[in-house]
Amino acid sequence: MKKPCLPERFFAMPLTRFLLVFAATLLLALALARLLPQQTDLSVDVERDLPLYSQPFGKARPFYPAELTTPDGKLINWRAVPGARSCGECHLQETLEWATSIHAISDLDLVYDSTVRENNSASQAGKAHGLEKGRWCEGCHNPLGVLAGAVTPANSVQETEAMEEGTSCIVCHAVNRAEPLAGNGALEMDINGVFRYGHPALLAAAPSRHAKDMRARREQPLMGDSALCGACHTEIRPTAVNGATPPMNLQDTYDEWRHSPYAKAGVQCQDCHMSREPAAFVAALKRGETPKKTVSHRFVGNNYLLTETALPSSLLFALRGGSPPGLNRLYDRKTFMAELEKTHQSILALLKEAAEVEVTAKALHQELRVQVAVTNAGAGHALPTGPLDQRYLWLEVEVKDRFGATIFHQGAFDAVKGEEDPSAVRWMKEVRDIHGAPERRHILFDAHTLHYTRKPIAPPPNRPRGLPRAPAGYPP
Amino acid sequence: MPLPDTRHSHTVEVRLWYRMAVQDILDNIERQGLGKVDAIVPPVLLQEVKMNTGAMTNRPLAIKTGDSSPF
């Protein structure tokens with residue numbers, strides 16, 4: 001028998017075989033790593049990269065009066081902002097739902113766009129640094145534009161589709177922390193940090209890592225916490241806008257929720273407003289049940305106007321600020337309109353679930369006395385809520401005789417003039433200018449006082465039956 | 001409210017409306033030269049309660065959202 005030569009004996013040794021395989025694997029991994037995108041320096045130095053970026057409130061606060069921030073306090077690189085369309089390549093249904101939402105058009109819709117322009121350029125406070133002061137609005141409506149330095153008089157940042165998408169996927173999915181009581185977009189967003197992990201090669205290699213990097217709810221509890229929403233659903237006009245002190249609270253939705261029984265039961269904004277069936281979820285809470293949590297990205301709220309598919313589509317798309325991202329590439333118009341109708345119907349159903357009306361009538365001598373009680377039966381915040389000069393409730397009361405003839409009518413809506421009977425009982429907040437006159441165009445830069453025709457209706461005082469109590473100390 | 005005739009029944013109808021208060025903002029759009037948005041912002045009927053008082057008595061009558069039949 002022939003004795004093996006030295007090299008053959010060497011390669012036959014188990015330890016040697018193991019070391020060889022290990023070395024080959026290591027070399028292969030290193031070679032593959034070379035193919036992956038390299039970490040590039042995405043940081044933006046204002047002096048070097050955006051020398052004309054205006055910072056009238058100091059270089060230490062480049063986004064102010066928005067309360068947005070980044071991990072390093074610097075601007076983000078517009079090249080690092082992925083658009084919703086790229087997310088939709090894999091997450092089509094989520095992207096489609098989001099595209100029908102008001103979040104998707106928060107920077108585009110014509111109502112907002114014309115209003116912020118009016119504040120920036122036609123208000124008294126807007127005469128000095130009006131555009132920069134507008135970062136107060138844009139921080140929540142156009143967070144990526146603010147973070148990238150696009151909201152400045154001499155803009156040298158490329159306007160990409162991603163930069164126009166308002167509250168897009170990346171806005172929530174890159175948040176590190178939130179300060180809901182500070183409001184005005186008090187979120188720390190790591191847009192530059194997530195850029196690398198959006199590369200298709202990494203997604204294919206490690207999808208679970210992608211879920212972690214993009215703050216999937218199971219990885220980042222903040223994604224399911226009201227604090228995330230509260231950072232923008234709290235609006236406080238800072239003194240920097242018009243010099244007025246103290247700062248003026250204009251939206252307190254998070255604070256309303258914080259003091260509500262829903263907060264005490266641990267029911268988060270997302271539980272209702274991101275439910276697949278928001279009205280059914282709330283109805284179940286009202287019945288004392290513990291409904292199953294589901295997730296959609298329609299962000300069902302109150303804005304039934306910009307989802308109104310009964311409007312002529314040309315007018316609807318004009319009001320929404322154009323066609324949705326992804327149209328014709330990810331989905332067709334028919335599919336989009338069907339989804340938009342679902343969102344619209346969800347909004348109407350949720351609104352109707354919030355209120356209850358009780359009527360009591362009593363004859364006394366020759367008079368009929370009618371008492372109407374309106375209660376907030378389902379909202380985990382006040383009713384109405386949000387920017388209360390832009391939405392309101394009112395009562396219409398009509399009494400008819402036995403022949404059906406109207407003998408009393410208060411609160412009728414004139415569909416030609418677009419206004420209701422001024423004697424109606426209304427729940428509305430009026431913004432008044434320095435002369436005490438009502439200002440109905442949302443010129444908050446010049447708002448002097450706030451006047452309530454009736455205060456918003458507080459949530460029901462009792463914790464929904466069937467729900468456990470939230471941990472002690474929650475919410476903060 | 002005074003009633004012309006208390007011997008017969010009356011119908012009380014109460015409606016709770018919700019509306020986006022952006023009608024005046026649409027005027028901004030025209031003033032800024034972006035074109036006239038010729039639309040009336042419609043309200044949404046949140047709740048409606050109808051009550052038939054029956055023959056008027058001093059007894060208070062009550063009905064609330066979701067109750068199926070009037071008195």
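Residues numbered from 1 in each chain as written. Chains lettered and ligands numbered in written order. Predicted model: local features only at pLDDT ≥ 70, side-chain atom pairs only at ≥ 80, totals over all residues. Heavy atoms only, no water.

Moving on, we get to the overall build of chain B. Along the backbone of chain B there are 1 helix and 3 strands. Traced from its N-terminal end to its C-terminal end, chain B shows the element sequence β-α-β-β. By the burial criterion, 46% of the 71 residues in chain B qualify as buried. Partitioning the intrachain contacts of chain B with sequence separation of at least 6 by distance along the chain shows that 53% fall at a separation of at least 24. Accessible surface, chain B as shown: approximately 3500 Å² in total, 49% of it carbon and sulfur. (Helix = DSSP H or I, 4+ residues; strand = E, 2+ residues; numbered from the N terminus. Buried < 20%, exposed > 50% of the residue type's maximum accessible area, 1.4 Å probe, protein only. Contact = heavy atoms within 4.5 Å. Areas by Shrake-Rupley, 256 points an atom, 1.4 Å probe, with all protein chains shown as cover.)

The next thing to look at is the state of the cysteines. All names here are of chain A. If you walk through the whole model with that rule in mind, you get 1 disulfide over all chains. Across the disulfide from Cys140 sits Cys232; the S-S distance is 2.2 Å. Across the disulfide from Cys140 to Cys232, rotation about the S-S bond amounts to roughly -100°, and the bridge is consequently left-handed. With Cys140 in helix 8 (residues 135-141) and Cys232 in the loop between helix 14 (226-230) and strand 3 (234-237), this residue pair connects regions lying 92 residues apart in the sequence. According to the relative accessible area criterion, Cys140 is buried, its value standing at 15%. On the accessibility criterion, Cys232 (24% relative accessible area) is partly exposed. Free cysteine: Cys169, not disulfide-bonded; nearest cysteine sulfur from Cys87 at 3.8 Å. (Disulfide = S-S within 2.5 Å.)

The subject of this paragraph is the interface of chain B and chain A. Each partner contributes to the interface: chain B provides 51 residues, whereas chain A provides 60 residues. Where chain B abuts chain A, roughly 5300 Å² becomes buried across the two surfaces, and 63% of that area is made up of carbon and sulfur atoms. Linking chain B to chain A there are 4 salt bridges. Linking chain B with chain A are 20 residue pairs in polar contact (both at pLDDT 80 or more). Among the elements of the structure, strand 1 (11-20), helix 1 (23-31), strand 2 (44-52) and strand 3 (61-64) of chain B are those that each provide at least two residues to the side of chain B that touches chain A. The element contributing the most residues to the side of chain B that touches chain A is strand 1 of chain B, with 10 residues. Class assignment for the residues of the side of chain B that touches chain A results in 32 nonpolar, 12 polar and 7 charged. Where strand 7 (residues 391-400) of chain A meets strand 1 of chain B, 10 bridges bridge the pair, whose relative direction is antiparallel. (Buried area = accessible area lost by both parts, 1.4 Å probe. Salt bridge = Lys/Arg side-chain N within 4 Å of Asp/Glu carboxyl O. Polar contact = N/O pair within 3.5 Å; in protein donor to acceptor, adjacent residues only side chain to side chain. Nonpolar A, V, L, I, M, F, W, Y, C, P; charged D, E, K, R; others polar. Pairing = 2+ DSSP bridges.)

Turning our attention to the nonpolar core. Among the nonpolar cores identified, the biggest contains 71 residues, and A:Tyr304, A:Phe336, A:Leu393, B:Leu16 and B:Leu46 are the most heavily contacted of them. Considering every element that reaches this core, the biggest residue donor is helix 21 (residues 333-354) of chain A, with 8 residues. Per-domain counts for this core show at least three residues from each of domain 1 (46-353) and domain 2 (355-452) of chain A. If we ignore the near neighbours within four places in the chain, the residues touching A:Tyr304 are A:His344, A:Ile347, A:Leu348, A:Leu351, B:Tyr18, B:Arg19, B:Met20, B:Val41, B:Pro42, B:Pro43 and B:Val44. (Core = buried A, V, L, I, M, F, W, Y, C linked by side-chain atoms within 4.5 Å. Domains from an automatic or database assignment.)

This paragraph deals with the pairing of strand 6 (residues 367-376) of chain A. Across 10 bridges, the pairing between strand 5 (residues 355-364) of chain A and strand 6 of chain A is antiparallel. Bridging across to strand 6 of chain A, A:Val359 finds its partner in A:Val372.

Scanning the model with the defined rule gives 30 salt bridges over all chains in all. Close ionic contact of A:Arg441 with A:Glu118 constitutes a salt bridge, the shortest N to O distance being 2.9 Å. Taken as a pair, A:Arg441 in the loop between strand 13 (438-439) and strand 14 (449-452) and A:Glu118 in helix 6 (residues 110-122) lie far apart in primary sequence, 323 residues in all. Using a relative accessible area of 22% as the deciding quantity, one classes A:Arg441 as partly exposed. A relative accessible area of 8% means that A:Glu118 is categorised as buried. A cluster of three or more residues bridged by salt bridges with shared partners is formed by A:Glu396, A:Glu398, A:Lys400, B:Glu13, B:Arg15 and B:Glu48.

How two aromatic rings sit relative to each other is given by the distance of their centres and the angle of their planes. Applying the stated criterion to the full structure yields 10 aromatic pairs over all chains. Pairing A:Trp394 with A:Phe413 gives two aromatic rings, centres 5.8 Å apart and planes at 35°, and the pair type is tilted. Of this pair, A:Trp394 sits in strand 7 while A:Phe413 sits in strand 9 (residues 413-414), and the two are 19 residues apart along the sequence. For A:Trp394, a relative accessible area of 0% corresponds to the buried category. Three or more aromatic residues joined by ring pairs form one cluster here, namely A:Tyr392, A:Trp394, A:Phe413 and B:Trp17. The aromatic ring of A:Tyr64 is capped on one face by A:Arg61, whose charged end is 3.9 Å from the ring centroid. Directly above the ring of A:Trp427 sits A:Arg454, whose terminal nitrogen or CZ lies 5.7 Å from the centroid. (Phe/Tyr/Trp six-rings, centres within 6.5 Å; stacked < 30°, edge-to-face > 60°. Lys NZ or Arg CZ within 6 Å of the ring centre and 35° of its normal.)

Interfaces are often sized by the amount of accessible area the parts lose when they come together. All names here are of chain A. Structurally, chain A comprises domain 1 (46-353) and domain 2 (355-452). Roughly 2100 Å² of surface becomes buried between domain 1 and domain 2 when both sides are summed, with 53% attributable to carbon and sulfur atoms. When the buried area of domain 1 at its contact with domain 2 is split by residue, Asn119, Leu250 and Glu256 rank highest and sum to 23% of it. Between the two partners, domain 1 and domain 2, sit 1 salt bridge. Between the two partners, domain 1 and domain 2, sit 16 residue pairs in polar contact (both at pLDDT 80 or more). Taken together, the residues that form the side of domain 1 that touches domain 2 break down as 10 nonpolar, 15 polar and 8 charged.

This next bit is on helix 5 (residues 92-99) of chain A. Counting along an α-helix, one turn takes 3.6 residues, and residues three or four places apart therefore face a common direction. The complete set of buried residues in helix 5 of chain A reads A:Thr95, A:Leu96, A:Glu97, A:Trp98 and A:Ala99. In this structure, the buried side of helix 5 of chain A is in contact with helix 4 (84-88), helix 20 (313-320) and helix 21 of chain A.

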